[in-house]
Amino acid sequence: MKSLGSFRRKFAPWNDPEAKPYISFENVTKKFGDFTAVDDLSLTIYNREFFALLGASGCGKSTLLRMLAGFEEPTSGRILLDGQDMRGIPPYKRPVNMMFQSYALFPHMTVEGNIAFGLKQDGMPKNEIDARVAEMLKLVKLEQFAKRKPHQLSGGQRQRVALARCVAKRPKVLLLDEPLGALDKKLREETQFELMDLQMKLGLTFVVVTHDQEEAMTMADRIAVMDKGKVKQVATPAEVYEAPNSKFVADFIGNVNMFEGTASTVMPGKVDIDVPADRITIRTDATRDCSTGQSVGFAIRPEKIRLSRKEPANTAVNAAHGELYDIAYFGDMTVFHVRLESGRIIKAASLNAVRTVEDPLGYDDKVWVNFDTDAGILLTA
Amino acid sequence: MNTTWSRFNIVSLVIGFAFLYLPIVLLVVFSFNESRLVTVWAGFSTKWYVSLFNNKSFIDAAWVTIRVGLISATFATILGTLGALALTRYTRFRGRMLFSAMIYAPLVMPEVITGLSLLLLFVAIGFDRGIWTVTLAHITFTMCFVAVVVQSRLVTFDRSLEEAAMDLGATPVTTFFKVTLPVIMPAVVSGWMLAFTLSLDDLVISSFTSGPGATTLPMRIYSQVRLGVTPEINAACTILIAVVAVGVVIASIANKRREVQKARDEQAAARH
Ligand SMILES: Nc1ncnc2c1ncn2[C@@H]1O[C@H](COP(=O)(O)OP(=O)(O)OP(=O)(O)O)[C@@H](O)[C@H]1O
Ligand SMILES: [Mg+2]
């Protein structure tokens, strides 16, 4: 059997100009009174894609999902599903199923009853329903809990029932609103892989809402980063992390050191950025067009910064001197907070690749911070 | 906090409870009195109960009361539940505030006014007064109580249950009968019981709206009392008290059981 990864790597319909999107939002706006929850948003999602909507609380993720499920109508714009305009089609006639943030299990029905509910609505024959329910119970490993009521289950079990209930109908699209929000960290990680596995096995299209970026990075083929009802960037997890298109995205995903300055020298392929506030000059690859004198940003991840006691060879660019101000030990890695001479605090992370280090860095040690020209990213937005 | 009981606390408690229950205790005790005189104890007897059950006018009145109670409580529950649904669900129609307030108004409206206005209505439309007018009147005034009880349950009802049902392919009608109604059922049942008890002991509105052959038990008792209190009436009241008390006790035991069971289930689930 092929591994999940080998399939995933090849799956990239968004790069194929021929591929037809399965779900498209076209200039969708949703207003609640005067408040604009979703603002002129366009987005395409492909068949069999695992798509994550990521953003801070209140940025309109749930609203977007609810419009797709049919609980809210867009104020303007349209939503196409498999080429069909969804306007005016009630939730019970849409080929999408949703897993609710609160699970919304029917409290008066058993686990079996909950899973069978959707199948009964389709008028499926009794023996087929029984077979499908048994299959679903097996899938989510809840066979012995079939006769229990939701309040007799733990949080994780309830979540699995909710999942089984919406998967049972084999919808074309599964919408999951913070599916793992209520689980503890370990169960959460396990379930993330279960979800990915399920999605692959059944060949479904998943749209998952989350505000946990690690979760989005782990599971999704592509991530849409949202802010105040707008999509800021849609890209693969690696792209979003390594090549954010704006200060907002860079700041939102993962840890980052952000510098604001002006492009002082624009060379072929390289740009020098003056950051007077932090008394440092940054030389970086010119991944974006910019002109001399333009104010620009520069983002660099902590793990791409080197720390050393020794002075680097070139201290004119991409280097600064400071002292260790704080050390956060995470087991697998350590994050150092360095206070530069300008007072600015820089985060640098290093992997704890060996168990014991001779003469490790300690509090108040004088250190040099430096990085390569391709370590960070130039931001013009 | 001071947990010892001062003499003052004890005395006020005793007086308070005596004030509440002494009349009822006296009524029950004297229903078993041998003597015809209500104020003189002459030994234990159940003869007044026997004579009560042989008194046709009392038995007829009891039947009328029960029929009116069952029919009016049922219709009041249906209408009250629908009203509560409309008021909690369609939050955007004009004058919703007015309607919400109006559903509470009959709760505080003097019964005399409700009774009189219903009487005027029945006379105006030429509706012969009898058991049906009493039933209609009872539906009218108990409906609001049901609406209030059901409404208080509906405001905490998780709408996502209904959305989940529709998402799984259930039409709005199926959703109502398979999901909404079963979940709010306890409130609907309490509403029904409240309506039934209110109908059972209503005197004022019944007096205004009843006609020949439709005398309810409270009306019968009241008209008897005007001729003098007999131990028979004490017996009738004791039976009413017993019925209500048994109902209340059963309801609270069932409720308690459910809560205990639920807590136990939840603990068991948490251990998994
Ligand atoms: N029915 C409604 N009426 C009025 N405002 C609403 C309604 N539903 C959502 N909103 C507003 O729209 C905005 C977006 O809400 P939404 O539920 O989509 O946020 P979200 O991104 O899912 O947030 P969270 O991560 O907290 O779930 C919020 O500011 C919310 O207050
Ligand atoms: Mg949400």
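Read on for a plain summary of the structure.

How each quantity is defined
Residues numbered from 1 in each chain as written. Chains lettered and ligands numbered in written order. Predicted model: local features only at pLDDT ≥ 70, side-chain atom pairs only at ≥ 80, totals over all residues. Heavy atoms only, no water. Pairing = 2+ DSSP bridges. Helix = DSSP H or I, 4+ residues; strand = E, 2+ residues; numbered from the N terminus. Near = heavy atom within 4 Å. Polar contact = N/O pair within 3.5 Å; in protein donor to acceptor, adjacent residues only side chain to side chain. Areas by Shrake-Rupley, 256 points an atom, 1.4 Å probe, with all protein chains shown as cover. Nonpolar A, V, L, I, M, F, W, Y, C, P; charged D, E, K, R; others polar. Core = buried A, V, L, I, M, F, W, Y, C linked by side-chain atoms within 4.5 Å. Buried < 20%, exposed > 50% of the residue type's maximum accessible area, 1.4 Å probe, protein only. Contact = heavy atoms within 4.5 Å. Buried area = accessible area lost by both parts, 1.4 Å probe. Salt bridge = Lys/Arg side-chain N within 4 Å of Asp/Glu carboxyl O.

### Structural notes on the pairing of strand S11 (residues 257–267) of chain A
All names here are of chain A. Strand direction decides the pairing type here: S11 and strand S14 (residues 295–300), joined by six bridges, are antiparallel. Bridge pairing in S14 places Phe 259 opposite Phe 298. For S11 and strand S12 (residues 270–275), the ladder comprises five bridges, and the chain directions are antiparallel. Note on S12: the bridge partner recorded for Met 267 is Lys 270. Linkage of S11 to S12, two consecutive antiparallel strands, is achieved through a turn of two residues, within which Gly 269 is found at a positive phi near 80°.

### Some details on the site of ligand 1
All names here are of chain A. Taken together, the neighbourhood of ligand 1 is formed by Phe 32, Phe 35, Ala 37, Ser 57, Gly 58, Cys 59, Gly 60, Lys 61, Ser 62, Thr 63, Glu 178 and His 211. Gly 60 is positioned with one of its backbone polar atoms (N or O) 3.0 Å from an oxygen atom of ligand 1. A distance of 2.6 Å separates an oxygen atom of ligand 1 from a polar side-chain atom of Ser 62. For ligand 1, the protein covers 61% of the area, taking 640 Å² as the surface of the free molecule. Residue assignment for the shell around ligand 1 shows that the elements contributing at least two residues are strand S2 (35–45) and helix H2 (61–69). Considered class by class, the residues forming the shell around ligand 1 number four nonpolar, six polar and two charged.

### Re the nonpolar core
Nonpolar side chains in soluble globular proteins generally cluster together in the buried interior. The biggest cluster of nonpolar side chains holds 55 residues, and the ones touching the most others in it are Ile 23, Phe 25, Leu 53, Leu 64, Phe 106, Leu 175 and Val 207 of chain A. Per element, the largest residue contribution to this core is eight residues, and it comes from helix H8 (residues 172–200) of chain B. Core analysis: the second largest hydrophobic core is formed by 46 residues, Ala 116, Leu 119, Ala 220 and Val 249 of chain A among them.

### Section: the interface of chain A and chain B
With 29 residues of chain A at the contact, the number on the chain B side is 23 residues. Summed over both sides, the interface of chain A with chain B buries roughly 2200 Å², with 63% coming from carbon and sulfur. Connecting chain A to chain B are one salt bridge. For the side of chain A that touches chain B, the elements supplying multiple residues, two or more each, are H2, strand S6 (96–99), helix H3 (111–121) and helix H5 (155–167) of chain A. Among the residues forming the side of chain A that touches chain B, the class breakdown is 16 nonpolar, nine polar and four charged.

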